[in-house]
Each structure stands twice: as C-alpha cells, then as structure tokens.
Amino acid sequence: MTDNLSNRIYRAQTLGNVEPIEYMTPYPNLHALVEGQNVKHHGKMIYADLGMTNLDFYTQVQKIANWLVSTGLKPKERVWIHPQQFPHTELLVFAVWTVGASVILVEDPSQDIDHIIMPDRVIKTDPIPDCLKHQEDTFDPTFKPNLNDEALIFISTGKGIRLSHYNLLVNANDVQRKLNLYDDGKFHVELKPNSTAWVVLQAIFPLYTGAPVTKENPDLTIGHENADYNVNFDWTEIIKKNQLYILPENTAVVSVGTSGLPMTILKQNGEHLSVEGHSVMMGYTDDELNEKVFKKGALNLQLNQ
C-alpha cells in the first residue's frame, strides 16, 4: 500500500476534524473487552439461557487460546473460522483475538478463498469441548494488538474487507448508543456467524453493552422474525426505522433506522454511496480495489456492485 493510498484511507476514516485516534474507546483491543467484562461483571450472565456467566466465557476463551498456541498459532496470523454451533464460534473468535491473531470470516464458507487471502490456519470442524481439556484457565499473551491492528477479514462477493480492532469496537459503541442498550437491559439476537453484522451484534455486543442475551422477556430483539430491528444486508435506500442497515465496508452497521450513526457521515445519490467516519474499513485486501473506492476524502461505493 502506497503512502498516498494509506493517507486517503485515513482521511476517509476521519470525521470532520476528529481523527480516529482522537475518539477513545474504553478498551485497547478486543481481548481487553472480555477481560474488562470479567473484572466488572464476572458473575453476570452473558448467555442467560445457557447459564453462562462472563467468568465462564472468559475462562473458556483463555483455555482455547492456550490450545491454539499449543497447535502452533502465532500472533498476527490469520485464522479462517467456519461457522459452529452457538456459542462456540463466539468463543473461537475471541480466543483468536486473545492470541493476537486475526479472524477470517466468509459469507459463503463453502467457497475457495485462496485467490483472495491465504489463511495461516483453518478451523473447519468444531474443536469444542475437546480443546478445553487439560488447558490452563489463564493465558499469558506474547503480543497485545493495538486498536489500529487488523482483527478481521470478511470475504464476500469476491472481496476481502479488512477491519481493525478499533473499527469493530467503535461500530459496537455507535450502535449501542443508538439502541440505548446497556448493562441494565437484556436482548435477544439471532444471526448466522457468516457476516460482520454477526461479529458486532452477536459476538461483541453482549460484552460491549453488558446486556445478557436471552429469549426470556428481552428488552430488545434483533435479527429474527418479528424482531424490533431487522438486519438488512441487501438495500439501496435507507428508508425504514426498524432496520439495521449493514455495510461491511463500514464495519457492519452503517445506519440504525434512518438516523445514521454518531461517528459516520453518509451521503447517498441514487446507488452511489459516500461514507466517512471511524467505522470505515482498513481497506480491501486488493489495493487495486482500494484505489477505485478511496477518493475525495471518503469511501465511495456503488450499491449495485
């Protein structure tokens, strides 16, 4: 990536005169999110219907991280995680982040991705619970990612979208503020683990908001039939109030209903979309594509492509 392109991406991620580094999130990386919730609310449920507390989640993540290292995984490597049963995919992605590695998620896990990115590791079959056996419940990381380090590569429609720890945390933060969901609430979300919406709204959101996931009298429902908010992946207009509009190039959510996001400026002219803000991706894995979309201080996309 050339300096010129890198600067153009950074300008697209800057909101007005507020650079990404000037808007602080409460956590320095995604593993710190799990750690922080365990410190604050270790006895509180994260998945109430399963009886799983934050401490249970944290402990299993630590054990899986130890297992991953024992199999040879190193920091900054990329791990393609295929969808597993709930909540095993959630545990696996946080364990990879705990090691300091990056997750690859694919919209269609049956496709070949070698022409887009070569994973260092593939987790295709579910290693849980076997991988938990004989593992220490504490993990001593040799590398702690910074906010601007890569956390996720999402592959869809032949493109690899790179997202940082900051991208994922700030998108979760913005959606939380719009939905007004905090640790005195509870919610239910039901998404397949093959989208960036799943990463933010199902993997990260219960930890970031502190609100347990439950089907029993939730205050808010997301992403299933008759939910308070439907998750809209295929749209050309932002016109409905009960939609979470998804744009992976803007991490996940680009607008909550018609009201946008606090750290995003969205301009639409027909099928042309211009996006500026802190959720704007690190870029595609292909710099030829980056050259086409990062122009005039923004991320510029055609919704029909």
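Residues numbered from 1 in each chain as written. Predicted model: local features only at pLDDT ≥ 70, side-chain atom pairs only at ≥ 80, totals over all residues. Heavy atoms only, no water.

**Brief notes about the sheet that holds strand S4 (residues 102-106)**
Thought 1: Judged by pairing direction, the sheet is mixed, and its 6 strands sit side by side in the order S5-S3-S4-S6-S7-S15 without closing on themselves. One side of each edge strand has no neighbouring strand; the edge strands of this open sheet are strand S5 (121-123) and strand S15 (283-284).
Thought 2: Relative to S15, strand S7 (residues 159-164) runs antiparallel, the two sharing 2 bridges. Each bridged residue has a counterpart across the sheet, and for Ile161 the counterpart in S15 is Tyr284.
Thought 3: Of the strands in this sheet, S4, strand S6 (150-156) and S7 are in contact with helix H6 (residues 196-209), which crosses S6 at around 135°. (Pairing = 2+ DSSP bridges. Helix = DSSP H or I, 4+ residues; strand = E, 2+ residues; numbered from the N terminus. Contact = heavy atoms within 4.5 Å. Axes fitted to C-alpha atoms, helices over the stretch in contact; angles between N-to-C directions.)

**A word on the packing of aromatic side chains**
Think of a pair of aromatic rings as described by two things: how far the centres are apart, and how the planes are tilted against each other in angle.
Thought 1: Taken as a whole and judged by the stated rule, the model has 7 aromatic pairs.
Thought 2: Here the aromatic rings of Phe94 and Trp97 are separated by 5.1 Å at their centres, their planes lie at 90°, and the arrangement is edge-to-face. Of the two residues, Phe94 and Trp97 are both situated in helix H4 (residues 88-99); the distance of 3 residues between them amounts to about one turn of the helix.
Thought 3: Accessibility expressed as a relative area gives 0% for Phe94, which makes it buried.
Thought 4: Plain terms: the ring middles of Phe187 and Phe205 are 5.8 Å apart, the flat faces sit at 90° to each other, and that makes the pair edge-to-face. With Phe187 in strand S8 (residues 187-189) and Phe205 in helix H6, this residue pair connects regions lying 18 residues apart in the sequence. Across this residue pair, the class does not change: Phe187 and Phe205 are buried. (Phe/Tyr/Trp six-rings, centres within 6.5 Å; stacked < 30°, edge-to-face > 60°. Buried < 20%, exposed > 50% of the residue type's maximum accessible area, 1.4 Å probe, protein only.)

**Side note on the sheet that holds strand S16 (residues 294-295)**
Thought 1: Read across the open sheet, the 4 strands follow the order S13-S14-S17-S16; overall the sheet is antiparallel. Of all the strands in the sheet, just strand S13 (264-269) and S16 have a single pairing partner and so form its edges.

**Brief notes about unusual backbone geometry**
Thought 1: For the bond from Phe86 to Pro87, the omega torsion is 0°, close enough to zero to count as cis.
Thought 2: Structurally, the position occupied by Pro87 is in the loop between strand S3 (78-81) and H4.
Thought 3: Following Ile128, the chain continues to Pro129 via a peptide bond in cis, the omega torsion being 15°.
Thought 4: Tracing the backbone through its elements, the reader meets Pro129 in the loop between S5 and S6.
Thought 5: In this structure, Lys76 is a non-glycine residue whose phi angle is positive, near 75°.
Thought 6: With respect to the helices and strands, Lys76 occurs in the loop between helix H3 (54-70) and S3.
Thought 7: Among the residues examined, Lys76 registers a relative accessible area of 60% and is labelled exposed.
Thought 8: Unusually for a residue other than glycine, Asn217 sits at a positive phi of about 50°.

**A closer look at the pairing of S4**
Thought 1: The element S4 is largely enclosed, with a buried count of 5 among its 5 residues.
Thought 2: The side-chain alternation of S4 yields two buried faces, one formed by Ser102, Ile104 and Val106 and the other by Val103 and Leu105.
Thought 3: Pairing analysis gives 3 bridges linking S3 to S4, with the strands arranged parallel. Residue Val79 lies in a different strand from S4, and its bridge partner there is Val103.
Thought 4: With H4 bridging S3 and its parallel neighbour S4, the resulting β-α-β unit is right-handed. (Right-handed = clockwise from strand over helix to strand, strands pointing away.)

**Considerations on the packing of helix H5 (residues 165-179) against H6**
Thought 1: Axis separation between H5 and H6 bottoms out at 10 Å; the angle between their running directions is 75°. Taken together, H5 and H6 sit at an angle that is classed as roughly perpendicular. Contact with H5, carried on its side by Leu168, Leu169, Asn171, Ala172, Asn173, Val175, Gln176 and Leu179, involves Val199, Val200, Leu201, Ile204, Phe205, Tyr208 and Thr209 of H6 and no other residues of that element.
Thought 2: The residue makeup of the contact of H5 with H6, split by class, is 11 nonpolar, 4 polar and no charged. (Parallel < 35°, antiparallel > 145°, perpendicular 65-115°, else oblique. Nonpolar A, V, L, I, M, F, W, Y, C, P; charged D, E, K, R; others polar.)

**Regarding H5**
Thought 1: Taking 1.5 Å of rise per residue, 15 residues should cover 21 Å, and H5 covers 21 Å from first to last C-alpha, within 8% of that figure.
Thought 2: Just downstream of H5 lies Asn180, where phi reads positive at about 55°. (Expected span 1.5 Å × (residues − 1).)

**Remarks on the nonpolar core**
Thought 1: Phe57, Phe94, Trp97, Leu168, Leu201 and Ile204 are the most contacted members of the largest nonpolar core, which has 87 residues in total.
Thought 2: If one sorts the elements of this core by residue count, H6 sits on top with 10 residues.
Thought 3: If near-sequence neighbours (up to four positions away) are discounted, Trp97 is found in contact with Leu30, His31, Val103, Pro145, Ala151, His165, Leu168, Val199 and Ile204.
Thought 4: Counting 8 residues, the second largest nonpolar core, distinct from the first, contains Val106, Ile116, Ile117 and Ile155. (Core = buried A, V, L, I, M, F, W, Y, C linked by side-chain atoms within 4.5 Å.)

**Digging into the environment of Pro26**
Thought 1: Locating Pro26 in the fold gives a position in the loop between helix H1 (3-13) and helix H2 (30-41).
Thought 2: With a relative accessible area of 58%, Pro26 lands in the exposed category.
Thought 3: Considering only alpha carbons, one finds Pro26 and Ile246, 220 residues apart in sequence, at a separation of 24 Å.

**With respect to the side chain of Arg8**
Thought 1: Secondary-structure assignment places Arg8 in helix H1.
Thought 2: When its relative accessible area of 13% is taken as the criterion, Arg8 is described as buried.
Thought 3: Apart from residues no more than four positions distant in its own chain, Arg8 is found in contact with Asn290, Glu291 and Phe294.

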